[in-house]
Amino acid sequence: MKIVIGNDHAAVELKNQISDYLKEKGYEVLNVGTDTTESIDYPIYGEKVARAVVNGEADFGIAICGTGLGISLACNKVKGIRACVCSEPYTAQMSRRHNNCNVLCFGARVVGLDLAKMIVDSFLNSEFEGGRHQRRVDLIMDIEKRG
Ligand code: RB5
């Protein structure tokens, strides 16, 4: 499975740590984030993550900024993206099972490495349940189609 990961200056270290963690687990990782701590604008990297997912270059995206908020807002502007900010594993798990989210976001200034690993595991190890949840996700995507 291939994961695209992107970040702004606030999340370089955590991006590298999560990237290494994913590779150790056998995932292929595409890094589209900044690799320096020079201040930079997170929407650039949210869009890169989101486009890699909708273009099929990656199965899922992980986007990290200081809080996870700004970069998730940017991701969600790309059609076909359902990005969520998760600061604990339960929400990350449910974001897959019920919401079929395809981009996971979190904040490097909010979660530590161990918690981030648990959030990532919960997201990637959970499957969309479909059924009534498919109908609800379809209704969300209908909003996007209406513009
Ligand atoms: C950068 O200082 C910070 O604003 C950014 O990383 C993010 O938290 C925005 O939502």
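Refer to the structure printed above.
Rules used in this analysis
Residues numbered from 1 in each chain as written. Predicted model: local features only at pLDDT ≥ 70, side-chain atom pairs only at ≥ 80, totals over all residues. Heavy atoms only, no water. Salt bridge = Lys/Arg side-chain N within 4 Å of Asp/Glu carboxyl O. Helix = DSSP H or I, 4+ residues; strand = E, 2+ residues; numbered from the N terminus. Phe/Tyr/Trp six-rings, centres within 6.5 Å; stacked < 30°, edge-to-face > 60°. Buried < 20%, exposed > 50% of the residue type's maximum accessible area, 1.4 Å probe, protein only. Lys NZ or Arg CZ within 6 Å of the ring centre and 35° of its normal.

Q: I'm lost on the pattern of salt bridges in this one. Help?
A: Side chains carrying opposite charge are able to pair once their charged atoms draw close together. For the structure shown, the criterion picks out six salt bridges. Between Asp35 and Lys15 there is a salt bridge, with its nearest N and O atoms 3.0 Å apart. Within this pair, whereas Asp35 is found in the loop between β2 (28-31) and α2 (42-54), its partner Lys15 is found in helix α1 (residues 12-24), the two being separated by 20 residues in sequence.

Q: Where do I start with the packing of aromatic side chains in this structure?
A: Here the distance between the centres and the angle between the planes together describe a pair of aromatic rings. One pass over the full model with this rule turns up one aromatic pair. The interplanar angle of 80 degrees and the centroid separation of 5.7 Å between the aromatic rings of Phe60 and Phe123 together place this pair among those described as edge-to-face. Pair noted here: Phe60 is in strand β3 (residues 60-65) and Phe123 is in helix α5 (residues 113-124), with a separation of 63 residues, a long-range link. Its relative accessible area of 1% is what places Phe123 among the buried residues. The ring centre of Phe123 lies 6.0 Å from the NZ or CZ of Arg96, which sits over that ring.

Shape is all these values report; function is a separate question.
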